[in-house]
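One letter stands for each residue in the lines below.
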Amino acid sequence: MRHVGTDYNSENEVRNYDERMSKIRDIRAETRGIISALDLKPDQSVIEFGAGTGELSAAISEQCRGVYAVDISRVMLDYAAKKTHSLGRNNIRFIQAGFLNYRHDGDPVDAVITQLALHHLPDFWKQIAILKISGLLRPGGKLYLRDIVYSIKLEKYEASVNHVLDSFKKIAGDEMFDKFSNHVRNEYSTFDWVMEEMLYRAGFDIETADYGDNFMAVYVCHKRRG
Ligand SMILES: C[S@@+](CC[C@H](N)C(=O)[O-])C[C@H]1O[C@@H](n2cnc3c(N)ncnc32)[C@H](O)[C@@H]1O
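So, how was this worked out
Residues numbered from 1 in each chain as written. Predicted model: local features only at pLDDT ≥ 70, side-chain atom pairs only at ≥ 80, totals over all residues. Heavy atoms only, no water. Near = heavy atom within 4 Å. Polar contact = N/O pair within 3.5 Å; in protein donor to acceptor, adjacent residues only side chain to side chain. Areas by Shrake-Rupley, 256 points an atom, 1.4 Å probe, with all protein chains shown as cover. Phe/Tyr/Trp six-rings, centres within 6.5 Å; stacked < 30°, edge-to-face > 60°. Helix = DSSP H or I, 4+ residues; strand = E, 2+ residues; numbered from the N terminus. Buried < 20%, exposed > 50% of the residue type's maximum accessible area, 1.4 Å probe, protein only. Lys NZ or Arg CZ within 6 Å of the ring centre and 35° of its normal. Disulfide = S-S within 2.5 Å. Axes fitted to C-alpha atoms, helices over the stretch in contact; angles between N-to-C directions. Left-handed = near helix turned anticlockwise from the far one by under 90°. Contact = heavy atoms within 4.5 Å. Nonpolar A, V, L, I, M, F, W, Y, C, P; charged D, E, K, R; others polar. Core = buried A, V, L, I, M, F, W, Y, C linked by side-chain atoms within 4.5 Å. Pairing = 2+ DSSP bridges. Right-handed = clockwise from strand over helix to strand, strands pointing away. Salt bridge = Lys/Arg side-chain N within 4 Å of Asp/Glu carboxyl O.

A.B. asks: For the site of the ligand, give the residues involved together with the corresponding values.
C.D. replies: The local shell around the ligand holds 19 residues, among which Tyr 17, Arg 25, Gly 50, Asp 71 and Gln 115 are the closest. Here an oxygen atom of the ligand sits 2.6 Å away from a polar atom, N or O, in the side chain of Asp 71. A distance of 2.9 Å separates a nitrogen atom of the ligand from a polar atom in the backbone of Gln 115. Coverage of the ligand by the protein chains reaches 94% of its 600 Å² of free accessible surface.

A.B. asks: Kindly report on the packing of aromatic side chains, identifying the contributing residues and their values.
C.D. replies: Applying the stated criterion across every chain yields a total of 10 aromatic pairs. Pairing Phe 49 with Tyr 102 gives two aromatic rings, centres 5.5 Å apart and planes at 90 degrees, and the pair type is edge-to-face. Remark: Tyr 102 occurs in the loop between strand E3 (92–96) and strand E4 (109–115) and Phe 49 occurs in strand E1 (residues 45–49); sequence separation between them is 53 residues. Judged by relative accessible area, Tyr 102 falls into the buried class, the value being 7%. Here Phe 168 and Phe 180 contribute two aromatic rings whose centre-to-centre distance is 4.8 Å and whose plane-to-plane angle is 20 degrees, an arrangement assigned as stacked. By the burial criterion, Phe 168 is buried, and Phe 180 matches it. Aromatic ring contacts, followed pair by pair, group Tyr 150, Phe 168, Phe 180, Phe 191, Trp 193 and Phe 215 into a single cluster. Looking at Lys 169, its charged tip hangs above the ring of Phe 177, at a distance of 4.4 Å from the centre. Its end group placed over the ring of Tyr 200, Arg 224 keeps NZ or CZ at 4.3 Å from the ring centre.

A.B. asks: Go over the state of the cysteines with me, naming the residues and quoting the values.
C.D. replies: Within this structure, the stated rule accounts for 0 disulfides. Not engaged in a disulfide, the cysteine Cys 64 finds its nearest cysteine sulfur in Cys 221; these two sulfurs lie 19 Å apart. A relative accessible area of 7% places Cys 64 in the buried class. Overall, the relative accessible area of 0% leaves Cys 221 in the buried class.

A.B. asks: Run through the packing of helix H6 (residues 123–136) against helix H8 (residues 192–201), naming residues and quoting values.
C.D. replies: Angle between the axes and distance between the axes are the two parameters that describe a pair of packed helices. Axis separation between H6 and H8 bottoms out at 9 Å; the angle between their running directions is 35 degrees. With respect to the hand of their crossing, H6 and H8 are arranged in right-handed fashion. Between H6, through Asp 123, Lys 126, Gln 127 and Ile 130, and H8, the contact on the second element is made entirely by Val 194, Met 195, Met 198, Leu 199 and Arg 201. Looking at the contact of H6 with H8, its residues break down into 5 nonpolar, 1 polar and 3 charged.

A.B. asks: Tell me about the nonpolar core, residues and numbers included.
C.D. replies: Generally speaking, soluble globular proteins have nonpolar side chains that are buried together. Ile 47, Phe 49, Tyr 102, Leu 199, Phe 204 and Tyr 219 are the most contacted members of the largest nonpolar core, which totals 31 residues. Taken together, the elements giving at least two residues each to this core come down to E1, strand E2 (66–71), E4, H6, strand E5 (137–148), H8 and strand E7 (216–223). Beyond its immediate chain neighbours, meaning those up to four positions away, Tyr 219 contacts Leu 143, Tyr 144, Leu 145, Val 149, Asp 192, Met 195, Glu 196, Leu 199, Ile 206, Thr 208, Ala 209 and Tyr 211. If you look at the next biggest cluster of nonpolar residues, it comprises 18 residues, including Val 14, Tyr 17, Leu 116 and Val 161.

A.B. asks: I'd like a rundown of the pairing of E1, residues and numbers included.
C.D. replies: Summarising burial for E1: 5 of the 5 residues are buried, a large majority. Note that E1 and E2 share 5 bridges and pair parallel. Looking across to E2, one finds that Val 46 is bridged to Val 67. Note that the unit made of E1, helix H4 (residues 55–61) and E2 has a crossover that is right-handed. Where E1 meets E4, 4 bridges bridge the pair, whose relative direction is parallel. Pairing of Val 46 across the sheet is with Ala 111, part of E4.

A.B. asks: Could you give an account of the pattern of salt bridges, with specific residues and numbers?
C.D. replies: Should their charged atoms come close, side chains of opposite charge can pair. Applying the stated rule across the entire model yields 16 salt bridges. The residue Lys 41 makes a salt bridge to Asp 39 at a minimum N-O spacing of 2.9 Å. Accessibility expressed as a relative area gives 36% for Lys 41, which makes it partly exposed. As a salt-bridge pair, Glu 197 and Arg 201 come within 2.8 Å of each other at their nearest N and O atoms. Taken together, the residues span about one helical turn, with Glu 197 and Arg 201 both in helix H8 at a distance of 4 residues. In this structure Glu 197 comes out as partly exposed when scored by relative accessible area, which is 37%. Judged by relative accessible area, Arg 201 falls into the exposed class, the value being 60%.

Keep in mind these values describe shape, not function.
If you want it as structure tokens, here you go:
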């Protein structure tokens, strides 16, 4: 339950989160991609870990029976609950918990989604978290994972990080530059090959792994049967 790196229990951080993200992400396009990748059905249920301001949980809740929106930050959850309530969504449960201490009291779910949250855990705990996620899914159930993952050439790590920092500065200004520097210094993003192996060892088969600009990865996986 401890915040690592950015403190998402800060009111200011949460209030400005959606606006800051809109400078560097196309949230609507991401959401459409997730809905299509998961092929959600109206009778299915989904857990989102690190649900943040609830943008995705709100959109997903229109496509399925119910969403468990899990986050360690009370401030994030309150903000998300207010937002989704005003949109008339009543099939989202907001639960204050982390990847590691979440206890699920329903049937295994059809899909788990987590975006930009797993890097808050160091690799040992990431592996345990992915194992726990696998335990929450029905066989064949899907995992959609988006996070900052390094798929860079090792010997060029410095140039690669500086390049991405410069692009952040150009696109989104000093604040995003500082955030990303803080991310590289203090948060626990890992390498592509580590993440792929962790997914495999926790019982997932990767359907697609997209490494875009070598810093952001999207994995669509399913839990192996048997
Ligand atoms: C960068 S935000 C991402 C929010 C949202 N998923 C998005 O894509 O914009 C990270 C979120 O993960 C949450 N978080 C941090 N550590 C966590 C943990 N151990 N378990 C679950 N959520 C965590 C934070 O409170 C925050 O809401």
